[in-house]
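Listed below are the residues making up each chain.
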Amino acid sequence: MESATSISEILSGKKVNEDVTIRGWLHNKRSSGGIHFFIVRDGTGVIQCTIKKDRVAEDVFDAAKKITQESTMEIRGVVKEDQRAPGGYEIQACDMKILHLAEEGFPVAKKYHGPDFLLDHRHLWIRSQKMQRILRVRAGMLRAAREWLDQNGFTEFHAPTLISAACEGGATLFTVKYFDGEAYLTQSWQLYAEAAIASLGKIYTIAPSFRAEKSKTRRHLTEFWHLEVEVPWCDLEGIMKIEEDLLTYILHSLAERSARDLEALGRQPGDLLKINPPFPRITYDEAVEMLNRDGVKFEWGNDLGWIEEKRLTLKFDKPFFVTHYPRSAKAFYHKPDPRRPEVTLSADLLAPEGYGEITGGGQRIENINDLLDRIRENNLNPEDYKWYIDLRRYGSVPHAGFGLGVERTVAWVCKLNHIRDAIAFPRLINRIYP
Ligand code: 4AD
Ligand code: MG
């Protein structure tokens, strides 16, 4: 097809007084007397187009009168600067061709709809301005993450999705039929990443992870995107340093490149620019003390839940690490602290403003006997982890890594109430359609 001008290019101000052709969807329309105001969307932005009776052919003006929301069209006209138009520019049309006249009654037209209705019509709702903005911020986040990781010597690596043994505990494993047997969907790339550092050194991935989360919460999906990093010759402090540098780069890059989308979502880009390393670090013990002082009953040894994390986030205005979780609260691969073996060299990164955990990680066990002890302590079968244990036989090194939940991070950055809006087609305990 012949190429059209993108709306983003027009909104950048480079096309004023020029003749352009755009192609897009009719986002909405209003008319007054001899003039129709179209808001047209093309995936790069939205722009106002005016169709005036005395500037277009009669049949074009009549077609414009009858056109329905979401119809697709091609508009030719001249670009004018106009402060009253959203975005500051408009196209004064001289011609319009309808490419597809949409059916009447677009289901998610501008009126209030409940969340279930919008989830049932997600295939159409992703066209909304709000979803467009979130999805662009999400893409910008992953682009920035890749930039930082590539520039800092990390190699992208892909682990399998179909796996044979749990990484994060059996309770949230999805089972799939695998010919005559069974397999699981991956919860994390981690065990494979630990194998791959001996091949590639510092590595990362951006891939879906799956958790059969049986509770309905605002921060759990059953399928989420996981940004994971694994690094040889790295300890707990080293991995926290990587996390804070990476996240800072992502936030600053979004503040600069996605400012308009962020503002429209209610996030001031300046908030993100203020975030710089080092992030505060508190130990799990200190967190428990803080909670107890606040009158929150919490028993040492449990994992922090949403209520506890929410409480802690009120005390910080930027992301902060909680370190040294008890071994009872963390998966088998976490290295116990040699100075105090009842806790592990682990760290979760918590986002402020009530959001809580966005990353989990820490230092891994590198000694074969320590690993076997932890596998038995967790009632796991060493047979299932034979290849993983093997890694401690051939060139074991201190190493560490983490996983960042992409949707959790998008939800925080975009100030969303619910994680489901951080992904186009959310998978939840009660939802797998559309
Ligand atoms: O804390 P988690 O379970 O850690 C791991 O999976 C490690 N193996 C990662 C690693 O060290 N490579 O998960 C990591 C992050 C969490 O902090 C959270 O942000 C996100 O993944 N996450 C979820 N996001 C949405 N829905 C869920 N059900 C999630 N479960 C974890
Ligand atoms: Mg976790």
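Now for a description of the structure that goes with this document. (Residues numbered from 1 in each chain as written. Chains lettered and ligands numbered in written order. Predicted model: local features only at pLDDT ≥ 70, side-chain atom pairs only at ≥ 80, totals over all residues. Heavy atoms only, no water.)

### Here we look at the site of ligand 1
Here is the rule: We call a residue near a molecule or strand as soon as one heavy atom of that residue lies within 4 Å of the molecule or strand. Two N or O atoms count as a polar contact when they lie within 3.5 Å, although within protein this holds only if one can serve as hydrogen donor and the other as acceptor, and sequence-adjacent residues are included solely when both atoms are side-chain atoms. The method behind every accessible area is Shrake-Rupley, applied with a 1.4 Å probe, and residues are considered shielded solely by the protein chains displayed. Segments assigned H or I by DSSP are reported as helices when at least four residues long, segments assigned E as strands when at least two residues long, and all are numbered from the N terminus.
Around ligand 1, 24 residues are found, and the nearest of them are Glu168, Gln190, Leu221, Glu228 and Glu357. One nitrogen or oxygen atom from the main chain of threonine 359 is found 3.4 Å from an oxygen atom belonging to ligand 1. A distance of 2.9 Å separates an oxygen atom of ligand 1 from a polar side-chain atom of arginine 364. A total of 620 Å² of accessible area belongs to ligand 1 in isolation, and the protein chains cover 95% of it. Looking at the shell around ligand 1, the elements that each hand over two or more residues are strand E11 (223-232), strand E17 (356-363) and strand E18 (399-405). With five residues, the single largest contributor to the shell around ligand 1 is E17.

### Some thoughts on the side chain of aspartate 261
We apply this condition: Any two residues whose heavy atoms approach within 4.5 Å are treated as being in contact.
By the element assignment, aspartate 261 lies in helix H8 (residues 259-265). Residue contacts for aspartate 261: discarding those within four places in its chain leaves Arg133, Arg136 and Val137.

### Things to note about the sheet that holds strand E3 (residues 46-52)
Counted only if it meets this: A strand pair is defined by DSSP finding two or more bridges across the two strands. As a rule, the C-alpha atoms of each element are fitted with a line to give its axis, helices using only the stretch in contact, and angles between N-to-C directions run from 0 to 180 degrees.
Overall, mixed pairing links the five strands, which are arranged E1-E2-E3-E5-E4 in a closed barrel. Sheet twist, expressed as the average angle between the axes of neighbouring strands with direction ignored, equals 55°. As judged from the seven bridges shared by strand E1 (residues 19-32) and strand E2 (residues 35-41), these two strands associate in the antiparallel manner. Paired with leucine 26 across the bridge in E2 is valine 40.

### With respect to the environment of asparagine 430
Relative to the assigned elements, asparagine 430 resides in the segment after helix H14 (406-413). Taking the C-alpha atoms as reference, asparagine 430 lies 34 Å from leucine 246; in sequence the two are 184 residues apart.

### A short note on helix H12 (residues 368-377)
Applied cut-off: When a residue's accessible area, from a 1.4 Å probe over protein chains only, is under 20% of the maximum for its type it is buried; when over 50% it is exposed; and in between it is partly exposed. This arc is built from the directions going out from the helix axis to the C-beta atoms.
Residues of H12 that are buried: Ile368, Leu371, Leu372, Arg374 and Ile375. One side of H12 carries all its buried residues, which in axial view fall inside an arc of 165°. Looking at the buried positions of H12, the neighbouring elements they touch are strand E14 (336-337), strand E15 (340-344) and helix H13 (386-390). Phi for asparagine 379, located one or two positions after H12, is positive at around 55°.

### Regarding the side chain of arginine 374
With respect to the secondary-structure elements, arginine 374 resides in helix H12. Among the residues examined, arginine 374 registers a relative accessible area of 1% and is labelled buried. At 3.4 Å, the side chain of arginine 374 forms a polar contact with the backbone oxygen of phenylalanine 332. Apart from residues no more than four positions distant in its own chain, arginine 374 is found in contact with Arg327, Lys330, Ala331, Phe332, His334, Pro336, Thr344 and Ile365.

### Let's talk about unusual backbone geometry
Residues proline 277 and proline 278 are joined by a peptide bond in cis, for which omega reads 0°. Counting through the fold element by element, proline 278 comes out in the loop between helix H9 (269-273) and strand E12 (281-283). Positive phi outside glycine occurs at asparagine 17, with the angle close to 70°. Of note, asparagine 17 is situated in the loop between helix H1 (7-11) and E1. Phi is positive for asparagine 379, close to 55°, though the residue is something other than glycine. As for its placement among the helices and strands, asparagine 379 is situated in the loop between H12 and H13.

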